Each structure stands twice: as C-alpha cells, then as structure tokens.
Amino acid sequence: MPNGQSNGQWYPPEWPDRIRALTAGELVPATPKRAATVLLLKNGSGGTDGGGPLVHMLRRRASMAFAGGAYAYPGGGVDPRDEHPVRWAGPAREEWADRLGLTDPAHAQAVVCAAVRETYEEAGVLLAGETADTVVGDTTGDDWEKDREALVARELSFADFLDRRGLVLRSDLLGAWARWITPEFEPRRYDTWFFVAALPAGQRTRNASTEADRTVWIRPADAAAGYDRGELTMMPPTISTLRGLQRFRSAEEALAAAVDQDMTPVLAQARLDGDAVILSWPGHDEFTKHVPAAAETPETLDAPETPETLDAPETPETLDAPETPKAPETPGGAS
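The rules we used
Residues numbered from 1 in each chain as written. Predicted model: local features only at pLDDT ≥ 70, side-chain atom pairs only at ≥ 80, totals over all residues. Heavy atoms only, no water. Axes fitted to C-alpha atoms, helices over the stretch in contact; angles between N-to-C directions. Helix = DSSP H or I, 4+ residues; strand = E, 2+ residues; numbered from the N terminus. Parallel < 35°, antiparallel > 145°, perpendicular 65-115°, else oblique. Left-handed = near helix turned anticlockwise from the far one by under 90°. Contact = heavy atoms within 4.5 Å. Nonpolar A, V, L, I, M, F, W, Y, C, P; charged D, E, K, R; others polar. Core = buried A, V, L, I, M, F, W, Y, C linked by side-chain atoms within 4.5 Å. Buried < 20%, exposed > 50% of the residue type's maximum accessible area, 1.4 Å probe, protein only. Salt bridge = Lys/Arg side-chain N within 4 Å of Asp/Glu carboxyl O. Pairing = 2+ DSSP bridges.

Their axes nearest at 10 Å, the elements helix α4 (residues 142-152) and helix α5 (residues 158-165) cross at an angle of 160 degrees. Here α5 runs roughly antiparallel to α4, going by the angle between their axes. Like other packed secondary-structure pairs, α4 and α5 cross with a definite hand, here right-handed. Here D143, W144, D147 and L151 of α4 come into contact with α5, specifically with F158, F161, R164 and R165. Each residue belonging to the contact of α4 with α5 can be placed in one class, and the counts come to four nonpolar, no polar and four charged.

Okay, here's the thing in structure tokens:
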C-alpha cells in the first residue's frame, strides 16, 4: 500500500485501521527500539550570521517501505555493542543519562555512541579525535572507507574502530535536542533521540547510505517552506526540529542552545470520535489529524509526489553530489 501525504507530512493510509485496532484492544504495541539521529549543521557562505545555519538532510529512496521519499537526517538504531567500554571524551555518562532521561549510564552511552557511529556510517562525518580537544580531519581515504563499510556490516564495533585508530568519541560535540517515540500503532517502533552537531573543520558530508537517493545542505526555513508547499515530504519530528532551528543565526548558536531544549518524549495519541480517528502529538498541534471514516482508503489521501517534485532548489551551495551508498534501513526521522 503506498504512503500517503497531507501537505508535506508523510501519512500512511493504513494508519486509521491500525489506530482502530489499537483502541479496540486488537493490536499489541511493539516495543520501541532505541535509536539516534543527528542534525548536522554548518554555516552558510554568509558566515556565522549569514541567514542562519544549513542542515544536512537525506531523502529516503521512494522504494523504501517506511517513509519512502521523505526527507530525514542521518541516524539509525542502537547496536548492542554500543554499550561496550569505549574511548570517551566530554560529559560523563551519568550526566548524559540525566539529560537523555535514562537511568542507566550504559544505555546513555549507547545512544550517544549510536548518534556518532550512524553519522559516520551514513554521512562520512566522524565526531572523534586523537585527544579530548581535537577532531579528525579528512575521512575520505580508502582505509577510512574500509572501516566504515565494516561498521555498516557490523563486522566491527564502534569501540574497536576507535581503539584501532587511537581515537576518542567526542560526546561534547553533540547537543541533545529532542526525543520522539514512534506511535503505538506502528509495527516498527523507535525511541529516537535527536542531537545537533556542527560539521567539523576539514570534513565533508557525502551520501554513504543505500537508503537515500540524494543529500542536501539546506537552510531550515527553506526546508520548512518546501514542506508547507507540499514539495518536501517529512515526518512530524523532522519538520518540528527544522522549525526549532529557524531562530538561530549560526551552527554555534544552535549548539549552545541545546542545553535548554525540552527532552520530554513526544508520543502520538490516537482516539476515536464516533467513526472518525483523531491523531495528535502533544505540544505539536500542527500535526493533528482528523480522519473521517470515509477517508480510510488510499484513494482519498493525497498521492505521494514523484521524486523529481520533492527536490530542494539545486544550488551549488546546498547540494552534495550522490556517492556510493550504504546498507540496511534506519529510522533517521522516525516519528
């Protein structure tokens, strides 16, 4: 069954039936898996106050079963090995546990580790350095690519990768931004932490994911405008985090503001009003959906745009050229 779209919001047409089954007690919610995603930022050509930062986004291939054609950020699920002892710099794991709303410091480490690992796997950007106050430079050589592919294939743990290269994970380069949990009626669920980070000097992004058919550097306001026009498809947490970035004049300003971000988990709520379904995300009224019984079929929902109409403006400043992609599906913009 094809994905639906309301304005720019990804909206699967099977949701009303699944919501009805959940409210009738006929659907047992799946346990969400831990995941992390990163809003990678850099300043535009105007400098630190030239119209605000740019954010790195990828577009999921239209063939993907989950959110095909939607724009998201690099990210993915936690690897159980992300809890293994790892070379670490920045705030203590206990501090991260408190910030992320977790009771176990090992679980907090795993989420932070997943954010750094997935950013490297999907965008080729590594938030790590030889010391607690340095960051690696160029990561595009053949030896780097061999290690990245081994991480993707889970042949190499991130802890072993860092040990092999004498690097420490720079957790201080990340700022916790938001936390969204996939609705209970979805068969594939993720408890996803969103982080912000600035692109390290000397590094560049690239499309290293087989899940994406393009990547783009774009101003949050431009991406949000594309969503509002129905040209760029996004899931609720993606457009919500983009709107939150619009007020900042630089990547550095956004990262500094992360400490004040509300990390209360956002979980969709669904209820029936007669035969109609009302779906809402607490604190995010723009995503509220009223689905009458007559609107249950895919034909009554807006059809997804073709990939060509979902493109952002192709200016040299905002686009990365497609490069050789990567492996399995991730929840980069999981709602």
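Quick look at the nonpolar core now. W96, L100, L126, F158, F161, L174 and F195 are the most contacted members of the largest nonpolar core, which has 42 residues in total. Counting residues per element, this core draws most heavily on helix α3 (residues 105-123), which supplies nine residues. Sequence-distant contacts of F158, defined by excluding residues within four places in its chain, comprise D82, C113, V116, R117, L126, L151 and L169.

Moving on to the pattern of salt bridges. Evaluated as defined, the whole model comprises 18 salt bridges. Between E83 and R34 there is a salt bridge whose closest N-O contact spans 3.0 Å. One end of the pair, E83, is in the loop between β6 (75-77) and β7 (88-89); the other, R34, is in strand β3 (residues 33-43), and 49 residues separate them in sequence. Exposure remark for E83: the relative accessible area of 27% places this residue in the partly exposed category. The partly exposed category is assigned to R34, whose relative accessible area is 25%. E121 serves as the salt-bridge partner of R154, at 2.9 Å between the closest nitrogen and oxygen. Of the two residues, R154 is situated in the loop between α4 and α5 and E121 in helix α3; the sequence distance between them amounts to 33 residues. The structure contains a network of salt bridges with shared partners spanning D79, R81, D82, R117, E118, E121 and R154.

With their axes 8 Å apart at the nearest point, helix α6 (residues 220-228) and helix α7 (residues 236-245) run at an angle of 140 degrees to one another. By the angle between their axes, α6 is oblique relative to α7. Of the two elements, α6 crosses α7, and the hand of that crossing is left-handed. Contacts between α6 and α7 pair P220, A223, A224, Y227 and D228 from the former with I239, L242, R243 and L245 from the latter. Across the contact of α6 with α7, the residue classes break down as seven nonpolar, no polar and two charged.

Remark: a regular strand shows side chains that alternate across the two faces of the sheet. Among the seven residues of strand β10 (residues 175-181), seven are classified as buried, and the element is accordingly described as predominantly covered. As paired elements, β10 and strand β11 (residues 190-198) share six bridges and run antiparallel to each other. From the neighbouring strand, R179 faces β11, where its bridge partner is W193. Taken together, the two bridges between β10 and strand β14 (residues 266-267) define a ladder with parallel strand orientation. Among the inter-strand pairings, W180 is bridged to a residue of β14, identified as V266.

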